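Survey of secondary and tertiary structure
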Amino acid sequence: MPVQIAEPGQDGGEEAVAEMIVPGPDQLLSLVDGPIARIPGVTGIHTAVVLRLLLTANDWDPYGGEPTPARRRVAEGGPPPPVPPVDDLDRRLVALLERDARAPMTRLAQELCVGETTARRRLARLMDSHVLHLRLYAEPAVLGFPVEARFRLTVAHRCLDAAVRRLAGEPEARHLVVTTGPSNVQGYSSHRSAQELHAFTARVFARLDGVTGAEAALLLRTYKRAGVAAEPGGVSRPPYPAGPAGAAGETAIR
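A brief structural summary. Source: prediction; values computed, not measured.

What follows is about the overall build of the chain. Within the chain one finds seven helices and 11 strands. With 254 residues in all, the chain has 40% of them scored as buried. Within the chain, contacts between residues separated by at least 24 positions form 67% of all contacts whose residues are at least 6 apart in sequence. In the form shown here, the chain has an accessible surface area of approximately 13900 Å², with 56% of it arising from carbon and sulfur atoms.

In structure tokens, the structure reads:
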């Protein structure tokens, strides 16, 4: 169960936002009432359950001419691909890719003790269903997009599908979810400048029907991104040896 947890600072101070995956409501309650509630300086906690995960960082391609298949599907209102059953062989394959996302297919098949055709077919099935993503990891700032924002929208349910389709068609939107709570559409966007962020919010939010509340906030610092902890300077540390432009192989599963 994906969950977003926000901890508002005292007297309108900074807000820390975390996205977590827990097995169910009992584990969420234990997490919120336990280690999170005991963090010094926390004056309030708000949780929202992610109902629909629409776009991830995989679907943000600032230099691509065409939208990714997932982004195009959401923008056109199409259904998500069916989720295939995952067995022990699939989990072992994912574990190998987490260690080295650049591993050749021959080595993967050898370590799994299966034929290369079987390993290739398993990997293609997971990727085609949008369950498994293999991507290069790079900070948006490295790619020329140093301004990041988190936006929250309150959208009437009759207009929800049209709103998410419109947002999915905007290349600046890097992450998009539908959640519980009054702000039922949330996402992250990346921009070259604060002026471009302002242009994005003014252009996009004004054209969405049924929006009764909208908020966009600059991200001041990222401590962890896609499961990767950040260095003291605020830049996330790649889990694998860096390649060109500071990018590294990464596996993300949802």
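Next comes the rest of the description.
Moving on, we come to helix α5 (residues 116-128). The terminal C-alpha atoms of α5 lie 18 Å apart, and with 13 residues this matches the ideal 18 Å at 1.5 Å per residue to within 8%. Within the sequence span of α5, burial applies to A119, R122, L123 and L126. Viewed end-on, α5 has its buried residues packed into an arc of 95 degrees, placing them on one side of the element. Of the exposed residues in α5, the ones pointing more than 90 degrees away from its buried face are T117, R121 and D128. Trailing α5 by a residue or two, H130 shows a phi angle of about 70 degrees, which is positive.

A word on the nonpolar core. Of all hydrophobic cores here, the largest spans 19 residues; its most connected members are L153, L167, L176, V185 and F205. Among the elements that line this core, the one with the most residues is helix α6 (residues 160-168), at five residues. If sequence neighbours within four positions are ignored, L176 has contacts with R52, L53, L54, L55, F151, V164, L167, A168, V185, Q186 and G187.

This part takes up the packing of aromatic side chains. Enumeration according to the criterion identifies five aromatic pairs in this entry. Centre to centre, the rings of Y63 and F145 are 6.2 Å apart; their planes meet at 65 degrees, and the pair counts as edge-to-face. With Y63 in the loop between β3 (46-55) and α2 (69-75) and F145 in the loop between β4 (132-137) and β5 (147-155), this pair connects stretches of sequence that are 82 residues apart. Judged by centre distance (6.0 Å) and plane angle (70 degrees), the rings of F200 and F205 are edge-to-face. Across the pair, exposure class does not vary: F200 and F205 are buried alike. Through a chain of ring-to-ring contacts, three or more aromatic side chains come together here, namely W60, Y63 and F145.

What follows covers the packing of helix α3 (residues 88-99) against α5. Relative orientation and spacing of two packed helices are given, respectively, by the angle between their axes and the distance between those axes. Running from N to C, α3 and α5 point in directions that differ by 85 degrees, and their axes come no closer than 11 Å. By the angle between their directions, the pair α3 and α5 is classed as roughly perpendicular. Seen from α3, the contacting residues are L89, D90, L93, V94 and L97; seen from α5, they are T118, A119, R122, L123, R125 and L126. Per-class residue counts for the contact of α3 with α5 are seven nonpolar, one polar and three charged.

Glancing now at the pattern of salt bridges. Considering all chains together, one arrives at 15 salt bridges under this definition. Ionic pairing is found between E15 and R150, a salt bridge with its closest N-O pair at 3.7 Å. A residue pair is termed long-range when its members are at least 10 positions apart, and E15 in strand β2 (residues 15-21) and R150 in strand β5 qualify at 135 residues. Since its relative accessible area comes to 8%, R150 is described here as buried. In this structure, the salt-bridge partner of D90 is R125, at a minimum N-O distance of 2.7 Å. Remark: R125 occurs in helix α5 and D90 occurs in helix α3; sequence separation between them is 35 residues. For D90, a relative accessible area of 1% translates into the label buried. Its relative accessible area of 27% is what places R125 among the partly exposed residues. Taken together, the salt bridges that share partners define one network made up of E15, R150, R152 and E215.

Cut-offs applied
Note on numbering: residues in each chain are counted from 1, in written sequence order. Where totals are concerned, whole chains, interfaces and linings use all residues; where local detail is concerned, this predicted model gives features only for residues with pLDDT of at least 70, and gives and counts side-chain atom pairs only at 80 or more. Heavy atoms from the whole structure form the basis of all side-chain values; hydrogens and water molecules are not counted. Starting at the N terminus, helices and strands are each numbered in turn, a helix being any DSSP run of H or I of at least four residues and a strand any DSSP run of E of at least two. Each residue gets one of three labels from its accessible area relative to the maximum for its type: buried under 20%, exposed over 50%, partly exposed in between, using a 1.4 Å probe on protein chains only. Residue contacts are counted whenever heavy atoms from the two residues lie within 4.5 Å of one another. Computed with a 1.4 Å probe, the accessible areas rest on the Shrake-Rupley method; for each residue, only the protein chains presented here act as cover. Under the convention used throughout, the expected extent of a helix is 1.5 Å for every residue step, that is, one less than its residue count. Here the arc refers to the directions that run from the helix axis out to each C-beta atom. What we call a nonpolar core is a set of buried Ala, Val, Leu, Ile, Met, Phe, Trp, Tyr and Cys residues that are connected through their side-chain atoms within 4.5 Å. Only Phe, Tyr and Trp rings are paired, with Trp represented by its six-membered ring, and only when their centres lie within 6.5 Å; those with planes under 30 degrees apart are stacked, over 60 edge-to-face, the remainder tilted. The axes are straight lines fitted to the C-alpha atoms, using for helices just the contacting stretch, and the angles between their N-to-C directions are given from 0 to 180°. By the definition adopted for this analysis, an angle is roughly parallel if under 35 degrees, roughly antiparallel if over 145, roughly perpendicular if from 65 to 115, and oblique otherwise. Residues are grouped as follows: nonpolar covers Ala, Val, Leu, Ile, Met, Phe, Trp, Tyr, Cys and Pro; charged covers Asp, Glu, Lys and Arg; every other residue, Gly included, is treated as polar. What makes a salt bridge here is a side-chain nitrogen of Lys or Arg within 4 Å of a carboxyl oxygen of Asp or Glu, nothing more.

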